[in-house]
Amino acid sequence: MAFKMAASIAYKEGLRQAEPILLEPIGALNVIVPDDNTGDMMGELNKRPEEFSA
């Protein structure tokens, strides 16, 4: 039990000292759709939490 507690404390302290940051992937998406389906495609893309620009 003492080993688990020591490992937990060491892990938390190591993370604190490392100062980690979250890196999110950045990518490009090109979508070509007929004019009739543009609204449907924009609706599908807007369902996702990512940021898109037209």
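Before reading on, note that the structure itself is shown above.
Residues numbered from 1 in each chain as written. Predicted model: local features only at pLDDT ≥ 70, side-chain atom pairs only at ≥ 80, totals over all residues. Heavy atoms only, no water.

Counted by the stated rule, this structure contains two salt bridges. In this structure, R16 engages E13 in a salt bridge whose closest nitrogen and oxygen atoms are separated by 3.3 Å. With R16 and E13 both in helix α1 (residues 2-18), this residue pair falls three residues apart, about one helical turn. Residue class for R16 comes out exposed when judged on its relative accessible area of 58%. Note that E44 is salt-bridged to K47, the shortest N-O span being 3.1 Å. For E44, a relative accessible area of 36% translates into the label partly exposed. Given the relative accessible area of 61%, K47 is considered exposed. (Salt bridge = Lys/Arg side-chain N within 4 Å of Asp/Glu carboxyl O. Helix = DSSP H or I, 4+ residues; strand = E, 2+ residues; numbered from the N terminus. Buried < 20%, exposed > 50% of the residue type's maximum accessible area, 1.4 Å probe, protein only.)

Note that every value here comes from positions in space, so none of it alone points to a role or purpose.
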